[in-house]
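Read off the chains here:
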Amino acid sequence: VSGIFYILNFPLTMGILSGFIIALSSTAVVIRELNDRREFETLTGRTSIGILLFQDFAIVPMAAIIPFLAGTVKTSWTQLGIRVSILILAVPVGLILARKLFPLVFKSVAQTRSREIFVLTTLMICLGMAFLTSLLGLSPALGAFIAGIIISESRYNHQVVADILPFRDLFNSIFFISIGMSLNIPLVWGMKSKIILLSSGIIMIKVIILFLILRLIRYTKNTAVKVAFGLAQVGEFSFVLANLGSSFGLLTNDRFQMFIGASIITIFITPFLFKLTRTDWKDNRVEKKLIEENSKVEGTGESSDGDVHKVKNHVVIAGYGLNGSNLARVLRGASIPYVILELNPDNMDRAEKENKHVIFGDVSNFSVLITAGVPNAKIIVFTISDSSAARRGIRLARQMNPNIYIIVRTRFVSEIDELYKLGANHVIPEEFETAIELFTKTLEEYHIPANVIQVQQELIRSEGYSILRGKPQDATWSDKVMNILAAGTVQAFLLEDGSTVINKSLWEINLRKLTGATVISVVRSGKAVVSPGPDFILNPGDILVLVASHRDMDRAFNFLRSQFVKN
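Everything numeric here is computed off the predicted structure, so don't read it as measured data. (Residues numbered from 1 in each chain as written. Predicted model: local features only at pLDDT ≥ 70, side-chain atom pairs only at ≥ 80, totals over all residues. Heavy atoms only, no water.)

Caption draft 1: Here's a closer look at the overall build of the chain. When its secondary structure is counted, the chain shows 27 helices and ten strands. Within the chain, the proportion of its 567 residues that are buried is 45%. Intrachain contacts of the chain at a sequence separation of at least 6 include 67% that bridge at least 24 residues. Put simply, the chain shows about 30,500 Å² of open surface, and 61% of that area lies on carbon and sulfur atoms. (Helix = DSSP H or I, 4+ residues; strand = E, 2+ residues; numbered from the N terminus. Buried < 20%, exposed > 50% of the residue type's maximum accessible area, 1.4 Å probe, protein only. Contact = heavy atoms within 4.5 Å. Areas by Shrake-Rupley, 256 points an atom, 1.4 Å probe, with all protein chains shown as cover.)

Caption draft 2: Local environment of the environment of N425. Along the chain, N425 falls in the loop between α21 (416-422) and β6 (426-429). We classify N425 as partly exposed; its relative accessible area is 34%. Spatially, the C-alpha atom of N425 lies 8.3 Å from that of V408, the residues being 17 residues apart in sequence. Ignoring any residue separated from it by four or fewer positions in sequence, one finds N425 in contact with R398, I404, Y405, I406 and Y420. Side chain to side chain, N425 and R398 meet in a polar contact 2.7 Å long. Of note is the side chain of N425, whose polar atom sits 2.8 Å from the backbone nitrogen of I406. (Polar contact = N/O pair within 3.5 Å; in protein donor to acceptor, adjacent residues only side chain to side chain.)

Caption draft 3: The arrangement of a nonpolar patch on the surface in detail. Residues I209, I213, L216 and I217 make up a contiguous nonpolar surface patch of roughly 420 Å² in combined accessible area. Following the sequence through the fold, L216 ends up in helix α11 (residues 192-216). (Patch = residues over 30% accessible without salt bridge, like charges linked within 9 Å, V, L, I, M, F, W, Y side chains within 5 Å. Salt bridge = Lys/Arg side-chain N within 4 Å of Asp/Glu carboxyl O.)

Caption draft 4: Summary view of helix α12 (residues 221-230). Within α12, burial applies to T223, A224, K226, V227, A228 and G230. Close packing links the buried residues of α12 with α3 (27-36), α4 (43-70), α11, α14 (253-277) and α20 (387-400).

Caption draft 5: Main features of the pattern of salt bridges. Applying the stated criterion across every chain, the model contains four salt bridges. In this structure, the salt-bridge partner of D552 is R555, at a minimum N-O distance of 3.6 Å. Here D552 pairs with R555, and both are found in helix α27 (residues 550-562), just three residues apart, close to one helical turn. Residue class for R555 comes out partly exposed when judged on its relative accessible area of 40%.

Caption draft 6: Representation of the environment of S525 in the model. Tracing the sequence through the fold places S525 in the loop between β8 (518-524) and β9 (527-530). Between the alpha carbons of S525 and I543 there is a distance of 9.3 Å; along the sequence they are 18 residues apart.

Caption draft 7: The pairing of β8, seen in detail. Relative to strand β10 (residues 543-548), β8 runs antiparallel, the two sharing five bridges. What sits directly across from S521, in β10, is V545. Where β8 lies against β9, four bridges are found, and the strand directions are antiparallel. Across the sheet, the residue bridging to R524 is K527, located in β9. Taken together, β8 and the strand that follows it, β9, pair antiparallel across an intervening segment of two residues, in which S525 is found at a positive phi of about 55 degrees. (Pairing = 2+ DSSP bridges.)

Caption draft 8: Region of the structure containing the sheet that holds β10. Strand order in the open sheet formed by four strands is β7-β10-β8-β9, and the pairing between neighbours is antiparallel. Strands with a single pairing partner mark the edges of an open sheet, and in this sheet they are β7 (489-494) and β9. Strand after strand, the sheet turns through a mean of 25 degrees between neighbouring axes, direction not considered. (Axes fitted to C-alpha atoms, helices over the stretch in contact; angles between N-to-C directions.)

Caption draft 9: Broad picture of the sheet that holds strand β1 (residues 315-318). Ordered in space as β3-β2-β1-β4-β5-β6, the six strands form an open sheet in which the pairing is parallel. The strands lining the two open edges of the sheet, one partner per strand, are β3 (358-360) and β6. The sheet shows a mean angle of 15 degrees between the axes of neighbouring strands, direction not considered. In this sheet, strand β4 (residues 379-382) lies alongside β1 in parallel orientation, the contact comprising four bridges. Bridged to V316 within β4 is I380.

Caption draft 10: Highlighting helix α6 (residues 102-111). The set of residues buried in α6 consists of F102, F106 and V109. One side of α6 holds all its buried residues, which, seen down the axis, span an arc of 65 degrees. Residues of α6 that are exposed and angled more than 90 degrees away from the buried face: L104 and Q111. (Arc of directions from axis to C-beta.)

Written as structure tokens, this is what we have:
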């Protein structure tokens with residue numbers, strides 16, 4: 001930016017200040033968009049947030065350099081370096097305070113059990129740090145940033161975040177309102193052509209630079225485009241730097257208003273850029289053409305980049321997070337071949353250290369799926385949290401291999417029907433699987449036969465969890481379930497050492513008369529004694545096979561469990 005401004009015959013100091021302003025992106029706007037689109041845990045989200053945090057750190061030396069650019073502070077470059085170094089040290093000093101002093105403060109406040117005092121203490125730290133840095137001649141925004149670091153390191157940070165969120169939204173609103181109030185509409189309207197040109201230039205420069213850098217460090221085109229367009233706007237700290245530059249005379253009022261107008265336009269257009277880059281531009285005809293062109297590759301198991309995968313009927317694991325790593329561990333123990341696809345460099349390094357077959361690539365990319373051997377795979381499991389990448393990957397995998405079995409995990413109920421339509425064979429919504437586990441354990445306690453419970457589980461899953469989503473069910477299905485619950489059940493009970501029924505006959509314990517349960521078989525040393533007589537003597541380790549109604553089965557189990565010698 002400085003070079004462009006210098007070529008256009010602007011002062012170098014103004015070019016550097018303009019570079020500071022344009023380089024920063026809006027943390028508040030981007031985080032809001034990532035949150036609304038559920039992309040926090042995706043590679044795009046993590047990369048965007050990482051860049052934004054680094055930009056927030058960069059505000060420290062930027063704010064320190066502006067007075068020197070204005071020439072209001074006469075000093076040498078050595079003194080400037082010392083000043084910037086002191087400012088940079090403010091962050092680690094804040095971390096030391098966060099680990100040593102403020103935990104004691106928060107602990108004392110928390111012991112009062114007063115939410116009001118807790119909230120006021122948090123606000124005092126935030127506003128107090130901002131006021132302290134302003135007294136030192138630094139930016140109040142720097143103090144607020146350090147306060148955020150201090151709070152984030154506290155063990156009480158989750159509660160602090162919950163209490164401070166309403167204030168964050170309020171202050172964000174006030175901040176953007178103040179920006180709008182500083183806009184001179186008649187003046188800006190007179191420069192509308194220049195402002196539109198400046199806005200376009202800002203977006204173009206940021207997109208190009210971010211895209212090239214991300215591609216240089218081996219990010220996929222899809223991720224690079226999403227991050228580049230997502231961070232193409234001008235940020236909140238840019239307004240702080242613009243105000244600071246204006247106060248020092250580096251920006252005239254006209255140029256300040258141009259920057260304000262261009263910044264507002266870039267922020268306003270951000271949601272549209274997010275929506276634009278989240279659209280799959282490749283239609284099915286293009287994908288089918290690619291598949292046809294690679295039909296020979298599919299038949300030989302050779303990928304388009306020359307890699308040969310002799311493995312067939314393997315499992316492709318999309319994502320090596322917690323779920324993916326656990327699945328890989330189980331498959332390895334069962335000697336089932338698998339290939340891992342991963343975009344996160346940390347997860348990839350971990351997989352390589354564990355000697356796992358891992359490929360760095362985007363699961364929504366055609367050539368990457370070819371490289372992973374999807375045309376010859378038996379199963380592909382999507383464990384990633386990036387729903388847009390998973391949807392595109394499902395569609396591609398189904399087109400490449402019509403017989404592949406696709407399993408996909410989702411956190412959101414609203415995605416179930418769409419994932420099935422795209423070609424998934426089995427969708428596992430995390431919250432519903434928890435519900436199934438709860439009712440399974442409950443029914444087991446009522447001694448419902450395991451096969452009956454399994455039938456109910458499969459029935460719920462095969463119908464797309466419709467019963468758990470509140471959709472109307474066939475009455476005959478409900479009647480069958482009720483009939484099964486009302487009928488009797490068969491259960492087994494192991495006799496352990498210490499039971500008082502050991503060395504007694506079935507006639508002596510009189511189980512049927514006391515509980516209503518009948519012993520139809522006894523398993524001893526792996527052999528079944530069918531219909532044992534009343535004189536049959538029970539031994540330790542015998543397994544009693546009981547038949548009874550659900551109520552009587554409970555009584556029988558309670559009776560047998562109570563027949564132990566009390567020490």
